[in-house]
Amino acid sequence: MRIALNGFALDVEEGCTILEVAHRVGARIPTICFDQRLAPIGSCRICSVDVEGETHAQIACRTKVRAGMRITTASPRIDAFRRQVLRWLAAHVHPTSLEEEPDKELHRLLREYGVEPGLKRRRVPVDLSHPHIRVDMAQCISCFRCVRICEDLQGEFVWHALDRGDQLRIVPDSATTLRMSSCVGCGACADTCPSGALTDRGPRPVPTIERWTRTVCSYCGVGCEMKAGVSADKVVRVRPVLDAAVSKGHLCVKGRYAHGFTHASDRLTRPLLKAQGRWTPVSWDESLSHSASEFKRILDIYGPESIGVLGSARATNEENYLAQKFARVVLGTNNVDCCARVCHTPSAAALKAMLGTGAATNSFSDIEHAQTIFVFGANPLENHPIVGARIRHQAMKQGVNLIVADPRRTDLARVAKLHLQLRPGTNIPLLNAIANVIVTERLEDRAFTSERVTGLEEFRAFIAQWSPERAAEICDVPPTDIRMAARLYAGAKPSMSFHGLGLTEHTQGTEGVMTLINLALLTGNLGKPGTGINPLRGQNNVQGAAQMGCDPSILTGSVALEEGRRLFEQTWGVPVPHRRGLNLLQMLDEALAGRLKALWIIGYDILATLPNMNVTRTALKNLEFIVVQDLFMTETARAAANVVLPAASTFEKDGTFMNAERRVQRVRKAVSPPGEAKTDWEIICALAARMGHEAKFRYSSAQDIWDEVRAVWPDVGGISYRRIEDGGLQWPCRSETDPGLEILHSTAFARATTASLARIAYVPSPESVSPEYPLLLTTGRTLYQFNAGTMTARTPTNRLRPTDVLDMSPNDANALGIATGDRVRVRSRYGLARMRAKVVEAMRPGEVFATFHNPRVALNKLTGPARDTMVQSPEYKVTAVRVEKAVSSRI
């Protein structure tokens, strides 16, 4: 329809608001209560505009355009009205706030309209209890944006409006301080607040932001986009990208606030060389020459199979591509791996074996299309918070069926329609029993199985043995709940599954994922919106690190060595090694045996994070030469390295990350690396040159490297830096006109039209409880920390969860005479860890849970040597322990 805006004719779509049209054409209309992430309410009326023929001004954020409308966004009458509204609101603004928080919408408008702040005395004190959010409710203007965004975007219901009229006030659900409330620190309230009532903690006045750099979060694998605010070459603020495809204008506490590690005082700034047991700062020339000399010496004496390279989930795609290229081209070995080995390599292997592509089948946008969501062995509200919030919103606000399978009663399990609280290590009996119900009750999608599934009759005969009653005896889930799960997943479609390390970190991790894929194949929950099998990847670029070829058995693009050999040899100009490479766990085995002699570890603290820490330490000590390349002096570097190289953080370099839904997104340099630190790709190229391969590692930018990736991996051939300047693309995307593929397997699987069902027998873990070790320990992450705490522990977020604790059930705690806060010793067959106990209702008797974020606790002294039988990923989720109340005060 045609309208006129400020005298200009415009053609607009039906259903748009006046404000939306104005934003689209760059006509500014001031707002205060409006946030594009929320439904407009028009309570502030500051966005009022004149519409010809209307007696009263119209509220732009709520008024829909009509054909023939003639709109004027500014006039003497409208300006006078806005100025009067601002005078009323100025009574809540302290004079210092305009200088301290100049970018708040209300403060900008007060300056623009020449209205003076009017708050002389605060009615309530400033609340500084939270490490990230400053609460000054004397400056609250009752716009309700904090209440609404907490409820609608994050789903936490922290902020509440009490009383009415002049007595109305906004308070946290604790009725005391924000720190004592249920706040999870996402900062959405501070981000949306237009006044000085809710602001980010930090220097006041806020340093002048010189530029905002769009980039991607450096924590989990969701891939949230953010803008880094830079002042004096430091990141001082972070804000969400409002139109981001994945995060949709939201960030979690880590993404928004845990960026201080970038400027931590103990960042590595110069190369270090260990001589006679002491670290000595040296030049880049000396450190690279020494490293090249040692690698050459070991190659000459022991051969290429004596050296290994570990890529990094925190490095870019470009840097991981060069890490595996260095291993294969410079060292002549396939001994290259990354931390995907210890988390989702089972997912990739299972998905590739059964469906042909070892990655998520769908997109996060499918959450809003699903009628049933099955979350298995994952705690996304803490570990993938933005996805977790979207799942919870669908369950609580849209009535979606939510099924959660987890040994703990997590916050997501509490709002689920069905919580399958299984015993750790019994995933396969539970999933086989769900398949049994689908088959025996004829709930399968017969059209889908007839066209696209093979082996159904053989599977039907196999699965008959897995009745819900039999599985219940093993996994301790009631048969009625198993049947309900099957009927919901098969009957209330489309059904989408997400899974985490609770499914993969087992001796049958790969096979566990296969049993989940069986359910999707049986019910036709593949290849459609709102369906699929979707691993929740744990680190920002763990998907990319593996896809780039940091895996001993594949090349870039997850191509098998023999399948991709010809193309890569043509591109690299050297033979691709033929000998089978070692994965990470095998490298340590070979180090213990004395056959692996050297290791280059890029951005990965393996001593702190691998299981069976005492054995890992022995293996590292058995190596002749170790190079660690990282931001900090990690536990691995401190214990065993010979050379430590200072690397740039994700805020200090350009490149791309790949998130859990196959989306490639741009990472951009916001600030300079500290001291002499360099990007990982620059270091790799420099060392390759020292070892005689300069010509094959001659790149002038990260983009040059990415273009080589596009040349060897056709599925990203269409993803150029130019095309992802304003947002990422999902592979496969094979040409510059290809929009990318959001949903895989719509009409066929990657290598065939049909897929076969997997008949998986259950083999109990060798790790079991005994009278000496009567409790089962499972390990995982928490919202406020990340892995070994390398980054989060160096930020104020650390105050929200300063150390690891042992979660225990009230029954077990009472039996052992343990109360919350007591110091305890936890012993396994492999080691001892000390920490404090926390008694929680979320745990079942006989089971305990702990995180592994504090190197001083060293929780991985407890975890054992058991591994996945197919890809050798460690079994972190099942460890038999005993817990004793500590006599001494020492932890």
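Here, every reference points to the structure presented above.
The rules behind each value
- Residues numbered from 1 in each chain as written.
- Predicted model: local features only at pLDDT ≥ 70, side-chain atom pairs only at ≥ 80, totals over all residues.
- Heavy atoms only, no water.
- Pairing = 2+ DSSP bridges.
- Helix = DSSP H or I, 4+ residues; strand = E, 2+ residues; numbered from the N terminus.
- 1 Å grid on protein atoms, 1.4 Å probe; cavity = no way out; pocket = protein on both sides within 12 Å on 5 of 7 lines; lining within 4 Å.
- Points joined across faces, edges and corners; volume = space filled by probe spheres on them.
- Nonpolar A, V, L, I, M, F, W, Y, C, P; charged D, E, K, R; others polar.
- Polar contact = N/O pair within 3.5 Å; in protein donor to acceptor, adjacent residues only side chain to side chain.
- Contact = heavy atoms within 4.5 Å.
- Axes fitted to C-alpha atoms, helices over the stretch in contact; angles between N-to-C directions.

*Asks:* Is there a simple way to think about the sheet that holds strand β29 (residues 663-667) in this case?
*Replies:* By definition, the strands of a sheet pair up through backbone hydrogen bonds, in either a parallel or an antiparallel sense. If you walk across this open sheet you meet the three strands as β28-β29-β30, and the pairing is antiparallel. Looking at strand neighbours, the two that pair on one side only are β28 (655-658) and β30 (729-730), the edges of this open sheet. Sheet analysis places β28 next to β29, joined by four bridges and oriented antiparallel. Within β29, the residue paired with G655 across the bridge is V667.

*Asks:* Can you help me understand the layout of surface pockets in this one?
*Replies:* To find leftover empty space, a probe the size of one water molecule is rolled over the atoms. Considered as a void within the structure, the largest pocket measures approximately 1100 Å³ in volume. Considering the residues around the largest pocket, the lining is formed by 38 residues, among which D103, E105, R108, R239 and L242 are closest to the centre. Of all elements in the fold, only α4 (105-113), α6 (188-192), β9 (198-200), β10 (211-216) and β12 (234-240) reach the threshold of two or more residues within the lining of the largest pocket. In this structure, the second largest pocket encloses a volume near 930 Å³. For the second largest pocket, the lining is made up of 36 residues, of which E382, D411, T782, R801 and K838 are closest to its centre. Put simply, the parts of the chain that give the lining of the second largest pocket at least two residues each are α11 (380-383), α12 (385-397), α13 (411-415), β33 (805-808) and β36 (847-851). Considering only residue class, the lining of the second largest pocket consists of 14 nonpolar, nine polar and 13 charged.

*Asks:* Looking at this structure, I do not really get the side chain of E101. What am I missing?
*Replies:* Looking at where E101 falls in the secondary structure, it is placed in the loop between α3 (97-100) and α4. Here the side chain of E101 touches R204 through a polar contact of 3.3 Å, side chain to side chain. Within polar-contact distance, the side chain of E101 engages the side chain of R237 at 3.1 Å. Beyond its immediate chain neighbours, meaning those up to four positions away, E101 contacts H107, T199, D200, R204, V206 and R237.

*Asks:* How should the sheet that holds strand β25 (residues 598-602) be read in this particular structure?
*Replies:* Here we have seven strands laid out as an open sheet, ordered β14-β13-β27-β26-β25-β15-β16, and mixed in their pairing. The outermost strands of the open sheet, each flanked by one partner alone, are β14 (278-281) and β16 (336-337). Where strand β13 (residues 272-275) lies against strand β27 (residues 643-646), two bridges are found, and the strand directions are antiparallel. Note that in β27 the partner of L272 across the bridge is V644. Its contacts with the sheet put helix α8 (residues 284-302) on β13, β15 (307-310), β25, β26 (625-630) and β27, and the angle it makes with β26 is roughly 140°. Across the face of the sheet, helix α23 (residues 584-593) comes into contact with β15, β16 and β25 while running at roughly 145° to β15.

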